[in-house]
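Residue strings, one per chain:
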Amino acid sequence: MRVLVVEDEVDLVRALKQALEEEGFSVDVATDGATGLLNAQSIAYDALVLDLMLPGLDGLSLLARLRQSRKTPVLILTARDAVADRVKGLDAGADDYLTKPFALDELVARLRALVRRSADRPSPLLRFADVELNTAARTVTRAGVAVDLTAKEYAVLELLALRRGSLVSRTEIYEHVYDEEELTVSNVVDVYVSNLRRKLGKDFVETRRGQGYILHE
């Protein structure tokens, strides 16, 4: 899943990016509100981590403008811990609110929950015949046996699983599993899908030629 972190504290940005990437997220960052809004409006992120006190455009103003065109799940991450601030943030369109200092494990868990809810898949367990995907533990089993996937193979599978029953284009897959700093070859998505079929069954993912891929309900 691909997330955008909008935060102006450089050390915190660095720590968040590293921690989220270690948990399997692809992470873009913006250190001011205007850049954050531009990125959030231009790319279909799976979630947004948003500070309120930003240079230029503040977090609440960014959120208000974003909600005019995007439903991206937003987690406010801020030092403002007053009840009135929480109410303002949630009423402005935020989906969750976490105050600093915070535990990284809690931030990751909240982000995963936001992504699942936005896909209308609230349970962390997703099952397809004899395949089970645990989005909290980031594990996959087939007939009860653990399946070893690379980080990107898992990311592609998770996206298809959260959108099961819907067609997902190659472009969408690419944009959701890679951040803006990663460079890849053009057929990388096809390679990952081929690997998933080899490990989970040749009919596990259906190809719609010229359109994309789909996991059926």
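For the structure itself, look to the data block above.
The model shown is predicted, which means the values in this text are computed figures rather than measured ones.

Colleague: Go over the pattern of salt bridges with me, naming the residues and quoting the values.
Modeller: Per the counting criterion, the structure on display carries 17 salt bridges. A salt bridge links Arg14 to Asp11; its shortest N-O distance comes to 3.0 Å. Within this pair, Arg14 and its partner Asp11 are both found in helix H1 (residues 10-22), separated by 3 residues, close to a single helical turn. As far as burial versus exposure is concerned, Arg14 and Asp11 are alike and both exposed. Between Lys202 and Asp203 there is a salt bridge, and its shortest N-O distance comes to 3.6 Å. The burial state of Lys202 is the same as that of Asp203; both residues are exposed. Residues participating in the shared-partner salt-bridge network are Glu7, Glu9, Asp51 and Lys100.

Colleague: Could you give me a rundown of the sheet that holds strand S2 (residues 26-30), with the residues and numbers involved?
Modeller: Spatially, S2-S1-S3-S4-S5 is the arrangement adopted by the 5 strands of the open sheet, whose pairing is parallel. Across the chains shown, the open sheet's two edge strands, defined by having one partner strand only, are S2 and strand S5 (96-99). Taken pair by pair, the neighbouring strands of this sheet meet at an average axis angle of 20 degrees, ignoring direction. Inspection of the sheet shows strand S1 (residues 2-6) paired to S2 by 5 bridges, in the parallel sense. Bridged to Val3 within S2 is Val27. Against the sheet, helix H3 (residues 59-66) makes contact with S1, strand S3 (47-50) and strand S4 (74-78), and its axis sits at roughly 155 degrees relative to S3, the strand it touches most.

Colleague: Account for the packing of helix H6 (residues 151-162) against helix H7 (residues 170-177), with residues named and values stated.
Modeller: Look at H6 against H7: their axes get within 10 Å of each other, and the N-to-C directions meet at 125 degrees. Taken together, H6 and H7 sit at an angle that is classed as oblique. Here H6 and H7 pass one another in a crossing that is right-handed. Residues Lys152, Ala155, Val156, Leu159 and Leu160 of H6 form the contact with H7, whose own contacting residues are Glu172, Ile173, His176 and Val177. Residue composition of the contact of H6 with H7, grouped by class: 6 nonpolar, 1 polar and 2 charged.

The rules behind these values
Residues numbered from 1 in each chain as written. Predicted model: local features only at pLDDT ≥ 70, side-chain atom pairs only at ≥ 80, totals over all residues. Heavy atoms only, no water. Salt bridge = Lys/Arg side-chain N within 4 Å of Asp/Glu carboxyl O. Helix = DSSP H or I, 4+ residues; strand = E, 2+ residues; numbered from the N terminus. Buried < 20%, exposed > 50% of the residue type's maximum accessible area, 1.4 Å probe, protein only. Pairing = 2+ DSSP bridges. Axes fitted to C-alpha atoms, helices over the stretch in contact; angles between N-to-C directions. Contact = heavy atoms within 4.5 Å. Parallel < 35°, antiparallel > 145°, perpendicular 65-115°, else oblique. Left-handed = near helix turned anticlockwise from the far one by under 90°. Nonpolar A, V, L, I, M, F, W, Y, C, P; charged D, E, K, R; others polar.

Function-wise, these values are silent; they only describe arrangement.
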